[in-house]
Amino acid sequence: MEYNFNEIEKKWQQYWAENKTYKAKIDYNKPKYYVLDMFPYPSGAGLHVGHPLGYIASDIYSRYMRLKGYNVLHPMGFDAYGLPAEQYAIQTGTHPEITTYKNIDRYKEQLNKIGFSFDWDREVRTSDPSYYKWIQWTFIQLFEHWYNNNTNRAEHINELIKEFETNGNKKVQAACCEVREFTADEWKNLNEKEQQEILMNYRLAYLSNAMVNWCPVLGTVLANDEVQDCFSERGGHPVERRLMKQWSLRITAYAQRLLDGLEKINWFESLKEMQRNWIGRSEGALVRFHFSPTPSKEEKTTPLPFREDLKGICIEVFTTRPDTLWGATFMVLAPEHELVEKITTPDREEKVMEYIKWAKNRSERERIAEINNITGEFTGAYSINPVNGKEIPIWIADYVLMGYGTGAIMAVPAHDSRDFKFARHFNIPIIQVVVKDGEELSDPFSWEDSYDSKEGKMVNSGIINGMEVKKAIKKTINRIEEMGVGYGTVNYRLRDAIFSRQRYWGEPFPIYYKNGIPYTLDESKLPLKLPEVDKYLPTESGEPPLARAKNWVTDEGYPLETNTMPGFAGSSGYYLRYMDPHNDKEYFSKKANNYWRDIDLYLGGDEHATGHLIYARFWNMFLYDLGLVCEEEPFKKLINQGKIQGRSSFVYRITGTNKFVSYNIRNNYKTNRLHVDINLVDNDILNIEAFKKWQPEFCDAEFILEEGKYICGWEIEKMSKSKHNVQNPDDLIEKYGADTFRLYEMFLGPLESHKPWDTKGIEGVFRFIKKFWRLYHDEQNNFYVSDETPTKEELKILHKTIKKIQEDIKRFSFNTVVSTFMICVNELTDLKCTKKAILEDLTVLICSYAPHIAEELWLLLGNNKSITYATFPVFNKEYIKENTFIYPVSFNGKMRFKLELPVDMPVKEIEKLVVSDDQAQKWIIGKQIRKIIIVPKKIINIVVNQIVVNNQFLK
RNA sequence: GCCCAGGUGGUGGAAUUGGUAGACACGUUGGACUUAAAAUCCAAUGGGCAUUGCGCCCGUGCGGGUUCAAGUCCCGCCCUGGGUACCA
């Protein structure tokens with residue numbers, strides 16, 4: 001039979017679906033293995049060749065683990081909420097659900113053609129009420145819990161209320177917003193609203209003011225990447241930064257655990273490093289700077305933190321370098337700092353206000369990135385440096401951000417490069433307080449940059465003079481604690497996650513308002529379904545789209561929340577739902593979670609390194625605190641697959657004409673470069689006739705050819721419609737089959753690296769698969785295998801292959817596995833091997849890569865069950881034993897010839913043999929042997945000196 | 001700006017722990033088969049010099065360094081990609 005992939009693939013895809021071959025069930029007799037891909041957002045453009053890269057890799061791994069005897073859970077679902085569908089809805093009026101479901105159908109159809117071993121019975125869609133019910137449920141839990149820093153876990157808010165009723169909040173150590181101290185009696189005397197307001201400061205899901213990009217014309221909040229230079233990307237309307245009431249999740253409560261948890265998981269070190277930097281733990285001190293004139297002694301010694309009456313008379317700063325306090329010569333507040341207005345002197349007001357107006361709307365990224373654009377204004381106010389009593393000026397500048405630390409810094413220009421630039425620019429004194437080891441005190445005005453290192457000794461620093469930096473930091477913290485002007489503390493860069501979106505297409509919050517106080521819906525009311533609206537736009541008064549819904553109130557008539565949840569709500573805990581996707585009583589059962597536990601292998605793009613992967617870990621940790629999940633870390637092993645980039649083709653039109661000039665002679669003309677559809681180009685040669693028909697404007701185009709051909713230029717770019725370089729898998733599968741497609745995607749290169757897509761190479765893989773098929777067939781294309789005993793040589797090839805494949809799969813090097821198959825098939829073909837004993841094992845080896853052809857051959861080999869649950873061949877090292885090793889012999893590190901020697905030959909003997917070898921003489925004569933390095937079964941290197949001495953003598 | 005990753009022939013890539021740079025493919029060239037094409041098979045293929053005797057020199061983004069030995073380790077730079085908190 002001819003290799004008919006269309007028929008074979010259709011047949012087996014149907015077989016797998018009908019027999020539910022990949023359905024996963026709890027089976028206590030087998031070890032579990034959970035392989036997951038980050039689920040896709042189903043975009044309107046359908047799947048392109050970049051999407052399946054990770055899915056193919058995870059599918060290969062899943063199939064491999066099944067062969068190794070594991071009970072594999074390998075599900076797939078859809079991240080169904082997203083802006084594109086909403087945008088489309090705004091433009092066309094089509095309900096985003098219709099668009100999304102249509103796209104999902106297309107995705108599934110495309111995915112199924114590739115032959116994935118997904119358990120589709122477990123599919124989840126985030127926009128499905130039966131799924132988002134549990135997101136809403138989790139939100140309620142977050143609302144009803146607070147983080148106890150004493151027990152280091154989330155606890156129910158009722159426990160906190162009890163504590164308030166007995167002791168007030170004096171003993172409470174919580175991850176919370178600023179709360180003033182109160183007693184039990186005070187608490188009891190508060191009314192409902194006041195109590196709720198206090199509790200809001202403790203909840204893990206809480207309402208607070210957050211800075212957002214508000215676009216008044218569009219009446220909505222925009223994402224950072226929808227804003228360009230203070231204008232909306234769509235429409236170019238002005239955007240301002242504005243405080244708005246937003247739901248947030250108190251992820252910062254988990255900062256330390258998120259950091260510590262990284263030690264327990266098997267991720268790339270670089271990825272962990274990114275998360276560490278994102279969490280950004282820094283140890284230091286909080287220091288209070290009072291305003292001039294100096295406050296009374298009493299005020300100074302009042303203990304921190306958070307005394308309302310202290311506010312307005314001191315500025316709190318966080319510093320990682322309290323040792324440099326003596327070198328603090330000015331302070332800088334973020335322009336949006338609430339004290340700025342209070343402290344600015346009348347003569348400065350105009351300039352300061354102008355600056356604030358300008359700085360406020362700049363994006364954070366600009367503010368941090370523009371390191372050489374130094375701006376700021378003096379407020380006219382001074383504060384007192386608490387350690388030496390000196391007056392220092394208070395400035396505002398946009399390089400200080402409100403969102404980090406306290407929104408204010410003490411500036412130490414001698415030892416911080418940003419402060420240094422600022423001081424230079426505005427002529428503020430610079431005092432050196434740290435001297436590098438082995439250097440002398442010098443005049444900072446002669447410096448080119450600050451000295452930021454934590455190495456050295458203190459100078460000009462009162463009581464800490466002469467101390468090493470590390471010791472000085474400790475001493476200073478003690479000192480400021482004694483003085484009551486600060487304390488040692490840890491700060492994190494991580495910020496709480498804003499959880500409100502002013503959009504339609506997202507999960508509604510299970511929240512209603514009574515007298516303006518938010519309350520959660522009763523669990524029995526879940527899911528709170530997304531209501532119908534007449535338009536997907538904000539209301540005229542700027543309220544979110546849900547405000548358009550009729551009767552968007554509870555049964556009692558209380559108004560429901562009109563914000564919806566963000567994209568990461570649905571994607572933070574979806575992997576848990578796959579464990580028990582049809583459970584309508586709970587998020588997932590204890591039984592299912594205890595069995596499947598965590599994800600053994602998680603694959604996805606590295607763009608999720610600090611977004612999804614932090615939120616999901618947080619989500620999981622919270623559920624862990626609630627006792628719902630048994631593993632604190634959800635993703636044991638994680639791999640980032642690279643992106644596939646497009647390879648664009650270009651034609652060169654002579655400017656102002658309809659004449660096109662071939663690539664290598666284009667420089668003789670003045671040309672414009674145009675993207676051309678990659679389907680019209682083969683091996684960089686343009687199909688001129690097809691090009692003329694492509695677009696009407698080219699129908700009478702003329703061409704200047706080289707050697708009778710039109711050669712196109714090319715470039716690697718993002719794959720996108722507008723660049724005409726999108727390749728979808730369907731056409732390729734049609735032409736070469738899914739097995740070839742799967743192998744080719746793996747063959748492209750290492751899974752983790754970004755690589756350009758080029759269909760040229762697929763022919764080679766297709767040739768390979770046909771050659772593989774021919775191994776099992778005679779010259780008339782009839783299936784034929786023999787029962788003869790395999791030769792030593794054949795067994796060696798097979799076992800060499802088994803070994804290499806196992807090693808490579810273990811390190812997720814799928815591309816080299818494909819090469820290994822090619823080498824194996826080439827070698828077996830050369831030997832004209834037809835032995836069933838060899839070919840049957842080879843079928844199993846390849847079945848996780850090319851499952852359709854493997855199933856077909858498996859059947860022809862006489863098996864009556866799917867190859868899915870076959871056993872992976874066992875490697876036997878006896879078959880690949882070698883008696884000799886071919887040593888590369890180098891002289892001074894350069895390989896000159898090869899020498900075959902027995903593997904067990906002692907080093908001494910090799911040494912003797914190699915110097916007396918004929919081939920070696922040429923390199924030895926006239927030189928002196930300095931050293932001979934022999935690494936058994938690796939290399940021989942002979943070091944000779946370069947100087948020619950007496951030939952006679954050397955002989 | 002900051003954090004992370006990457007840079008090897010004409011192309012995709014291999015070289016797993018510092019030990020033969022370029023496996024395996026694509027492409028190209030030449031050849032076989034064929035009326036022809038497709039398919040298939042064979043050979044050559046990093047650059048340069050030399051050439052029928054082999055051979056020799058250079059070569060992994062750039063500049064230094066460590067080492068018997070560096071694509072791999074260290075220092076400094078250049079370029080590309082991702083993230084930078086509401087794209088997914």
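Residues numbered from 1 in each chain as written. Chains lettered and ligands numbered in written order. Predicted model: local features only at pLDDT ≥ 70, side-chain atom pairs only at ≥ 80, totals over all residues. Heavy atoms only, no water.

### Quick word on the overall build of chain A
- Summing up its helical and strand segments, chain A has 31 helices and 36 strands in all.
- Considering only C-alpha atoms, chain A reaches an extent of 100 × 90 × 75 Å along its principal axes.
- Here chain A holds 955 residues, and the buried ones make up 53% of them.
- Residue pairs in contact within chain A that sit at least 24 positions apart in sequence constitute 71% of those at least 6 positions apart.
- About 44,900 Å² of surface is accessible on chain A, with carbon and sulfur atoms providing 49% of the total.
- Positive and negative side-chain charges of chain A, numbering 125 and 133 respectively, have mean locations separated by a distance of 4 Å. (Helix = DSSP H or I, 4+ residues; strand = E, 2+ residues; numbered from the N terminus. Buried < 20%, exposed > 50% of the residue type's maximum accessible area, 1.4 Å probe, protein only. Contact = heavy atoms within 4.5 Å. Areas by Shrake-Rupley, 256 points an atom, 1.4 Å probe, with all protein chains shown as cover. Lys, Arg positive; Asp, Glu negative; His and termini not counted. Charge placed at Lys NZ, Arg CZ, Asp CG, Glu CD.)

### Considering the pairing of strand 33 (residues 884-891)
- Strand direction decides the pairing type here: strand 33 and strand 34 (residues 894-902), joined by 8 bridges, are antiparallel. Across the sheet, serine 890 pairs through a bridge with methionine 895, a residue of strand 34.
- In sequence, strand 33 turns back onto strand 34 through a hairpin of 2 residues, with asparagine 892 there showing a positive phi of about 50 degrees.
- The pairing of strand 33 with strand 36 (residues 939-944) spans 3 bridges and is parallel. Within strand 36, the position partnered with phenylalanine 891 by the bridge is isoleucine 942. (Pairing = 2+ DSSP bridges.)

### What about the protein's contact with RNA strand B?
- Taken together, 64 residues form the shell around RNA strand B, and within it Tyr41, Ala223, Arg365, Leu748 and Asn826 come nearest.
- Between RNA strand B and lysine 898, the relevant distance is 3.1 Å, taken from a base oxygen to a side-chain nitrogen or oxygen of the residue.
- Top element by residues in the surface near RNA strand B is helix 26 (residues 814-830). It accounts for 6 residues.
- Class assignment for the residues of the surface near RNA strand B results in 23 nonpolar, 17 polar and 24 charged. (Near = heavy atom within 4 Å. Polar contact = N/O pair within 3.5 Å; in protein donor to acceptor, adjacent residues only side chain to side chain. Nonpolar A, V, L, I, M, F, W, Y, C, P; charged D, E, K, R; others polar.)

### So, a nonpolar patch on the surface
- Residues Ile933, Val935 and Ile939 make up a contiguous nonpolar surface patch of about 190 Å² in total accessible area.
- Along the chain, isoleucine 939 falls in strand 36.
- Its relative accessible area of 33% is what places isoleucine 939 among the partly exposed residues. (Patch = residues over 30% accessible without salt bridge, like charges linked within 9 Å, V, L, I, M, F, W, Y side chains within 5 Å. Salt bridge = Lys/Arg side-chain N within 4 Å of Asp/Glu carboxyl O.)

### Quick notes on unusual backbone geometry
- For the bond from leucine 526 to proline 527, the omega torsion is -5 degrees, close enough to zero to count as cis.
- Along the chain, proline 527 turns up in the loop between strand 22 (517-520) and helix 17 (567-571).
- Phi is positive for lysine 20, close to 45 degrees, though the residue is something other than glycine.
- With a relative accessible area of 43%, lysine 20 lands in the partly exposed category.

### What about the sheet that holds strand 7 (residues 220-222)?
- Strand order in this open sheet of 4 strands is 7-6-10-20, and the pairing throughout is antiparallel. Looking at which strands have only one partner, the edges of the open sheet turn out to be strand 7 and strand 20 (497-498).
- Sheet topology note: the strand 10 (residues 240-249)/strand 20 ladder contains 2 bridges and is antiparallel. Bridged to serine 248 within strand 20 is isoleucine 498.

### Examining the layout of surface pockets
- Approximately 580 Å³ is the volume found for the second largest pocket.
- Lining the second largest pocket are 22 residues, and of these Ile678, Val681, Asp682, Gln727 and Thr759 lie nearest its centre.
- Those elements giving two or more residues to the lining of the second largest pocket turn out to be strand 25 (644-654), strand 28 (681-682), helix 22 (729-736) and helix 24 (762-775).
- The dominant element in the lining of the second largest pocket, judged by the number of residues it contributes, is helix 22, at 4 residues.
- Its residues assigned to classes, the lining of the second largest pocket comprises 7 nonpolar, 7 polar and 8 charged. (1 Å grid on protein atoms, 1.4 Å probe; cavity = no way out; pocket = protein on both sides within 12 Å on 5 of 7 lines; lining within 4 Å. Points joined across faces, edges and corners; volume = space filled by probe spheres on them.)

### Considering the pattern of salt bridges
- On inspection of all chains with the given rule, the structure shows 49 salt bridges.
- Put simply, aspartate 730 and arginine 106 hold a salt bridge, and the shortest N to O gap is 3.9 Å. You can see aspartate 730 sitting in helix 22 and its partner arginine 106 sitting in helix 4 (residues 96-113), a full 624 residues away along the chain.
- Of the residues examined, arginine 106 reaches a relative accessible area of 34% and is grouped as partly exposed.
- Among the charged side chains, a salt-bridge network with shared partners connects Lys32, Asp598, Asp600 and Lys636.

### What to know about the sheet that holds strand 34
- Spatial ordering of the open sheet is given by 34-33-36-35, a layout of 4 strands whose pairing is mixed. Bordering the open sheet on either side are strand 34 and strand 35 (929-935), each of which pairs with just one other strand. Each neighbouring strand pair of the sheet contributes to a mean axis angle of 20 degrees, computed without reference to strand direction.
- Sheet strands in contact with helix 29 (residues 907-916) are strand 33, strand 34, strand 35 and strand 36, and its direction is about 125 degrees off that of strand 35. (Axes fitted to C-alpha atoms, helices over the stretch in contact; angles between N-to-C directions.)

### Quick look at the packing of helix 23 (residues 738-747) against helix 26
- Where helix 23 meets helix 26, the axes come as close as 7 Å, and the angle between the chain directions of the two elements is 120 degrees. Considered as vectors, helix 23 and helix 26 are oriented oblique to each other. Along the contact surface, helix 23 presents Leu743, Met746 and Phe747, while helix 26 presents Phe814, Asn815, Val818, Ser819 and Met822. (Parallel < 35°, antiparallel > 145°, perpendicular 65-115°, else oblique.)

### Quick look at empty space enclosed by the protein
- The tally for this structure, following the rule as stated, stands at 2 cavities of 30 Å³ or more.
- What the largest cavity holds in volume is close to 50 Å³.
- Lining of the largest cavity is provided by Asn373, Ile374, Thr375, Asp398, Tyr399, Arg418 and Phe422.
- Taken together, the residues of the lining of the largest cavity sort by class into 3 nonpolar, 2 polar and 2 charged.
- Here the second largest cavity defines a volume of roughly 30 Å³.
- Lining the second largest cavity we find Arg63, Arg66, Leu67, Cys847, Ile867 and Thr868.
- Split by residue class, the lining of the second largest cavity holds 3 nonpolar, 1 polar and 2 charged.

### Let's talk about the environment of tyrosine 61
- Assignment of secondary structure puts tyrosine 61 in helix 2 (residues 52-67).
- According to the relative accessible area criterion, tyrosine 61 is buried, its value standing at 8%.
- Distance in space between the C-alpha atoms of tyrosine 61 and valine 35 is 7.9 Å, their sequence separation being 26 residues.
- Once residues within four sequence positions are removed from consideration, tyrosine 61 is found in contact with Tyr33, Leu601, Ile809, Phe812 and Phe814.

### Quick word on the confidence of the model for chain A
- Put simply, chain A has an average pLDDT of 90, and 97% of its residues get 70 or more.
- This model gives residues 294-311 a pLDDT under 50, and the stretch forms 25 contacts once residues within four places in sequence are excluded.
- Note on the complex model: pTM 0.92, ipTM 0.94. (pLDDT = per-residue confidence, 0-100.)

### As for helix 15 (residues 417-426)
- Considered for burial, the residues of helix 15 that qualify are Arg418, Asp419, Phe420, Phe422 and Ala423.
- At its buried positions, helix 15 is contacted by strand 13 (330-333), helix 14 (364-369), strand 15 (391-396) and strand 16 (408-411).
- The N-cap residue of helix 15 is aspartate 416: its side-chain oxygen and the backbone nitrogen of arginine 418 are 3.0 Å apart.
- Once helix 15 finishes, asparagine 427 follows within two positions and takes phi at roughly 60 degrees, a positive value.

### Remarks on the packing of helix 2 against helix 23
- Where helix 2 contacts helix 23, the two axes come as close as 10 Å, and the packing angle between them is 105 degrees. It follows from the interaxial angle that helix 2 and helix 23 lie roughly perpendicular. Residues Pro52, Leu53, Ile56, Ala57, Asp59, Ile60 and Arg63 of helix 2 form the contact with helix 23, whose own contacting residues are Phe741, Arg742, Glu745 and Met746.

### What to know about the pairing of strand 13
- Burial along strand 13 is two-sided: Phe330 and Val332 and Met331 and Leu333, pointing in opposite directions, are all buried.
- Bridging between strand 13 and strand 16 involves 4 bridges; their strand directions are antiparallel. Paired with valine 332 across the bridge in strand 16 is isoleucine 409.
- Here strand 13 pairs with strand 15 via 3 bridges, running parallel. Residue pairing for strand 15: methionine 331 is matched across the bridge by isoleucine 394.

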